[in-house]
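Understanding the architecture of this molecule
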Amino acid sequence: MKFLQTPIGPIDRIDLLTVRLPFLHPFAISSYAWSCKEALLLKVEAGGVTGWGECVADPDPFYAPETTASCRYIIQTFLLPLLEPGMTLADLSGQMHKVRGNEMAKATLENAVIDLLAKQQGKKLHEFLGLPARKIMSGISLGLQETPDKLLEAVTEAVAKKYHRVKMKIKKGQDIEWVAAVRKRFPEIQLMADANGDYTLADAARLRELDAFNLMMIEQPLSYSDIYQHALLQQQLATPLCLDESIHSLDDARTALELGACRIINIKQGRVGGLIEALAMAELAARRSIPVWSGGMDETGIGRAVNIHLQTAPGFILPGDTSETSRYFHEDIADPPVVLDAQGGIDIPPGAGIGVEIPAGRLARYTIAQERLYEHKG
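Within any chain, residue numbers begin from 1 and follow the written order of that chain's sequence. Note on the predicted model: pLDDT of at least 70 is required for a residue's local features to be given, and 80 or more for side-chain atom pairs to be given and counted; whole-chain, interface and lining totals, by contrast, use all residues. Water and hydrogen atoms play no part in the side-chain values, which are based on all heavy atoms of the structure.

1. What about unusual backbone geometry?
Trans is the prevailing form of peptide bonds, just as negative phi is the prevailing case for residues other than glycine. The omega torsion of the bond from Asp335 to Pro336 falls at -5°, within 30 degrees of zero and hence cis. The helix and strand labels rest on DSSP assignments: H or I over at least four residues marks a helix, E over at least two residues marks a strand, and numbering proceeds from the N terminus. By the element assignment, Pro336 lies in the loop between helix 11 (301–310) and helix 12 (360–366). The backbone of Asn196 sits at a positive phi, close to 50°, despite the residue not being glycine. With respect to the helices and strands, the residue Asn196 is situated in the loop between strand 6 (191–194) and helix 7 (204–208). Looking at Asn196, the relative accessible area reads 6%, which means it is buried. One non-glycine residue, Gln220, lies in positive phi territory at about 40°. Within the secondary structure, Gln220 sits in the loop between strand 7 (218–219) and helix 8 (228–234). Residue exposure (1.4 Å probe, protein chains only): buried if accessible area is under 20% of the type maximum, exposed if over 50%, otherwise partly exposed. By relative accessible area, Gln220 is classed as buried at 0%.

So, in structure tokens, the structure goes:
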């Protein structure tokens, strides 16, 4: 990865903003439901060029241990002091590895700096990363629905939009019958089920019933903190398991593959530490002929753009959680919005870096807090 040797020049100022965008519809998983997207945005400026990083943490710890408050503290107190003019991206990455965990906070800073450097070179993000352009496959993630009929309505809409893959959330008591209803109505679609860790190994027999529905995969059925028990479960299922929240790093991915804990990996760059770690994980999986895909975290257009560029990397052969902006927000903070073409494909954003613009007036409408973390005194 040649881009790792890119030197980082002097930084003029760094701001941290908190934005809150209401969802069109609440998004529910097995552990919680959210009615809005509250996100930290890191704005890094140098020589009139601005790089953006979006933190994928929630304001609450119901999906992951990191929160917007904890990430703010880690970024300001421990990560920003590591950023020195003249260091390379490899240097920065190495320094950040000294900070244990806090991958979402690390990704926020790393992505903002990479976006800045790509824009300074006048390159699109995928070009800066050394990746060729290509059309991106679309995928939709449907939260838990109130009734099977409402779920079928949502799937029907997704199929009409030509999404390449449909993911439905499941949990104990809302699983087999719901998957069966979707598969009966849509026998040919690429369908997967995501449990967000709601089951235990004692539920293996129940999960084995999902083998009847020709699913692409069952995502993260067991505990976030477990890899070994997923290996035991995979031995009992014909359906491939996909690990998501159990994979925090390249080492986790290597361990999971060695143990046979999964046959597919969901790479959420904003959750594993950023683009550098995500690309290393994708490279490992490609060498092992393990398909990967890009998971979404209901990001604003900033994080969504990063995920689109990431999917140009080899190994991303399955549709990710990349949906149209209009599914989530009446108005996003970034232009252009993500839209599907007639075949369900997604174009790479057109500008340099992540490729989207952040209109100042629109950003101001949704900003609920802003603070300057650094300003060069020259």
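2. Some thoughts on the sheet that holds strand 1 (residues 13–28)
A pair of strands is considered paired only if DSSP assigns at least 2 bridges between the two. Sheet architecture is open: four strands sit in the order 3-2-1-11, paired in antiparallel fashion. Sheet topology places strand 3 (49–55) and strand 11 (367–375) at the edges, where each strand pairs with a single neighbour. For this sheet, the mean angle separating the axes of adjacent strands, direction not counted, is 25°. Every residue pair with non-hydrogen atoms within 4.5 Å of one another is taken to be in contact. Lines fitted to the C-alpha atoms define the axes, with helices restricted to the stretch that makes contact. Angles between their N-to-C directions range from 0 to 180 degrees. The sheet strands contacting helix 1 (residues 68–79) are strand 1, strand 2 (33–46), strand 3 and strand 11, and the helix crosses strand 2 at an angle near 15°.

3. Let's talk about the sheet that holds strand 5 (residues 166–169)
Pairing is parallel in the open sheet, where seven strands are placed in the order 4-5-6-7-8-9-10. With partners counted over all chains shown, the strands left at the sheet margins are strand 4 (140–142) and strand 10 (292–294), one partner each. Direction of pairing for strand 5 relative to strand 6: parallel, over a ladder of four bridges. Bridge pairing in strand 6 places Lys169 opposite Asp194.

4. With respect to the pattern of salt bridges
Note on definitions: salt bridges are taken to be side-chain nitrogens of Lys or Arg within 4 Å of carboxyl oxygens of Asp or Glu. Considering all chains together, one arrives at 27 salt bridges under this definition. A salt bridge links Lys167 to Glu219; the nearest nitrogen and oxygen atoms lie 3.2 Å apart. Here the residue Lys167 occupies a position in strand 5, and Glu219 occupies one in strand 7, the gap between them amounting to 52 residues. The exposure class of Lys167 is buried, given its relative accessible area of 1%. The class of Glu219 is buried, set by a relative accessible area of 0%. For Asp244, the salt bridge goes to Arg271, with nearest N and O atoms at 3.1 Å. Highlighted residues: Asp244 in the loop between strand 8 (241–243) and helix 9 (250–259) and Arg271 in the loop between strand 9 (264–267) and helix 10 (275–287), separated in sequence by 27 residues. Across the pair, exposure class does not vary: Asp244 and Arg271 are buried alike. One continuous salt-bridge network, built from bridges that share partners, spans Arg165, Lys167, Lys169, Asp194, Glu219 and Asp321.

5. Examining helix 11
For helix 11, a buried count of ten out of ten residues is recorded, marking the element as mostly surrounded by other parts of the structure. Looking at helix 11, one finds that the buried residues are Gly301, Ile302, Gly303, Arg304, Ala305, Val306, Asn307, Ile308, His309 and Leu310.

6. A word on the environment of His248
Turning to its location among the elements, His248 is positioned in the loop between strand 8 and helix 9. Spatially, the C-alpha atom of His248 lies 17 Å from that of Asn307, the residues being 59 residues apart in sequence. In this structure, His248 is in contact with Glu103, Arg271 and Val272, ignoring residues within four places of it in sequence.

Take it as geometry only, folks, not as evidence of what the structure does.
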